[in-house]
Amino acid sequence: MLNKLNQPKGSTIGVLKDGRTIQEAIDELEKIKTRNVDPERFRETLTSSDDEVFEKLFAWLATQSDVVGTSSSSYITALPRMIELGGRTYTLTKRHVLDGNFGIQNGTILMSGEGEIIMGLDAGTKTRRHFLKYVHFEYIGASDRSTSLVTMARCFNSVVLFCNFIAGGDTARNRAPRTRYGLFAGSTRCWGFQLIGGEYYGGDCALRVGRANDHTGLTIRPGTVHHSRVINMMLCNPAGAEVSGCNIEHADNGAIGLGITSGTNTSGNAAHGVRINGVYFYNNGNGSSGSNVAPANILIGKDIPGTEGWDRPGELITSSRNTAHSITVSECYIVSPNTENAWQVNALYGVSFLDNKVGLKGDATIHGVYDGTCANCWAVGNRDQNGTKVFQFSSTATNVILTTRKGKWTPKIIGEGTAGNTTLSASGGAYSLDNGMVTVSCFAVVDTKDPNMAGNLNIKLPVACEDQQRGGTGISLTNIPDIPSPNGSIIVIGDTARIMLGSARLQPANVTTGTAIHFSVSYPADVKV
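Residues numbered from 1 in each chain as written. Predicted model: local features only at pLDDT ≥ 70, side-chain atom pairs only at ≥ 80, totals over all residues. Heavy atoms only, no water.

Asker: Can you tell me about the overall build of the chain, naming the residues and giving the values?
Answerer: Counting secondary structure elements, the chain contains three helices and 40 strands. Relative to the 2.2 N^0.38 estimate, which gives 24 Å for 529 residues, the radius of gyration of the chain is 32 Å and therefore markedly larger than a compact globule would have. Projecting the C-alpha coordinates of the chain onto the three principal axes gives extents of approximately 125 × 50 × 35 Å. Burial statistics for the chain: of 529 residues in total, 53% are counted as buried. A separation threshold of at least 6 residues defines the contact pool for the chain, and within that pool the share at least 24 residues apart is 71%. Total accessible area computed for the chain in this model is approximately 21,400 Å², and 49% of it derives from carbon and sulfur atoms. Within the chain, the 46 negative side-chain charges are centred at a point lying 3 Å from the centre of the 47 positive side-chain charges. (Helix = DSSP H or I, 4+ residues; strand = E, 2+ residues; numbered from the N terminus. Rg over C-alpha atoms; globule rule 2.2 N^0.38 Å. Buried < 20%, exposed > 50% of the residue type's maximum accessible area, 1.4 Å probe, protein only. Contact = heavy atoms within 4.5 Å. Areas by Shrake-Rupley, 256 points an atom, 1.4 Å probe, with all protein chains shown as cover. Lys, Arg positive; Asp, Glu negative; His and termini not counted. Charge placed at Lys NZ, Arg CZ, Asp CG, Glu CD.)

As structure tokens, this is what we get:
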């Protein structure tokens, strides 16, 4: 480039008729010839700011047909031109926008003020191809703001490879102010998108993919997404997507780990065809202040708390009810002492949680919460890592949540008025739950009757009967005083087996040492299991 004396840098070559030096002409040819563009070629003086460099760089790229043009088919995009940072660090304080096929690689970009890179336009008509590789983006501003470090508006067959997006909130380095997003991919469209490796830290939402439209063919495999103030990762209307083999952990002070919205903001595009596999969800707020408890580690088909005004003035980012479907979460570690539930789901059908290890805050007992239609939704093979807690879910869904489980239990004969402490000389029980039906077997032989036991006699069951349903069966009832051949049965209501003697309820006076009860019964299970 020229110095102030209008001489070629490092050369005494003269000036051409159009005013350019030969060196400048060579530089221009090299820019056209190579896919990689060095920003320093656009630094006119030693005092030129990095914003001035990027303004001229983006302006030049906007003149290149392969950057801003497209093929005869709007679904084919050119390979992106690459901005080669060459290991340098740039600091941007202004917004830089380029509607074209381009990428950035190999360096650091710090942002403050209004510093932001916008790749493509929400209002544009063309999808664009972007490639980010080995770049460290970081917010170093003095106050919170509602923008992102990088936004990809209409990306198609785009890749983010081993990049860091540090969106603020790092008090240890005196960088507490936050920008809302680290990376926002697909603010309008995100089709055929791959994200591999890297760190996504802080902000209000370190990583967001999608908004109101459909966002398809997504492969999300970051290294770690953590310490966001509202939600670590948000996927809006994903269709044909995978999140796998990564950490989504340590959300700040009551924040969510992962949210998948469906029919986002009343759009007509559902979340479907999504697999979450082998993800380490852990949230103890490590390194963050506050003691709030997150409602859940994972939200599917639910509104996202804390997002008022993000997309629409005064409104949350919402999900349309009964739209999410065909989503599987499997082989994940979903454990936190700072969450009330492991997951909360509103679904149309086919949302399954399979073979996950789960854990909750100390006094919490419900791992999954369901509402909506929830047809053919499964919860199978999930286990609380605390061996003393049985995996449970609750549901107000229209359909029964399907699950299979087997276990043993110890029956106990109790009175309705006063439970008492009647001991048994022999007892045992087993149960199996399959597709909403439970089968319970039991035997109990009285050793010593508690004289304080009072009221109708019952046996508590390990799995409750579905609301407004009943179960019942004849039972073997032996050694009843003064009744040589007792006619026994049970009626299952809720989590209680009412013991019947003929048409009357069994009473403490009917029980003595050696009284034995044997039965096996099947009934529809309550959806809270």
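Asker: Lay out the pattern of salt bridges in plain terms, naming residues and giving numbers.
Answerer: Applying the stated criterion across every chain, the model contains 24 salt bridges. The residue Glu242 makes a salt bridge to Arg221 at a minimum N-O spacing of 3.3 Å. Of the two residues, Glu242 sits in strand β17 (residues 238–244) while Arg221 sits in strand β14 (residues 215–221), which places them 21 residues apart along the sequence. Residue Glu242 is classed as partly exposed on the basis of its relative accessible area, which comes to 24%. Since its relative accessible area comes to 38%, Arg221 is described here as partly exposed. In the salt-bridge network here, residues are joined through shared partners; they are Asp122, Arg208, Arg211 and Asp311. (Salt bridge = Lys/Arg side-chain N within 4 Å of Asp/Glu carboxyl O.)

Asker: Explain helix α2 (residues 50–61) to me, and be specific about the residues and the numbers.
Answerer: For α2, with twelve residues, the first-to-last C-alpha span of 16 Å sits near the 16 Å given by 1.5 Å per residue. Regarding α2, the residues found buried are Asp50, Asp51, Val53, Phe54, Leu57, Phe58, Trp60 and Leu61. (Expected span 1.5 Å × (residues − 1).)

Asker: Give a description of the pairing of strand β25 (residues 339–354) that names residues and reports values.
Answerer: Buried residues dominate β25, accounting for twelve of its 16 residues. Pairing analysis gives five bridges linking strand β22 (residues 294–300) to β25, with the strands arranged parallel. Following the sheet pairing, Leu299 is matched in β25 by Gln344. Across five bridges, strand β23 (residues 325–330) lies against β25 in parallel orientation. Looking across to β25, one finds that Ser330 is bridged to Leu354. Here β25 pairs with strand β27 (residues 368–375) via six bridges, running parallel. (Pairing = 2+ DSSP bridges.)

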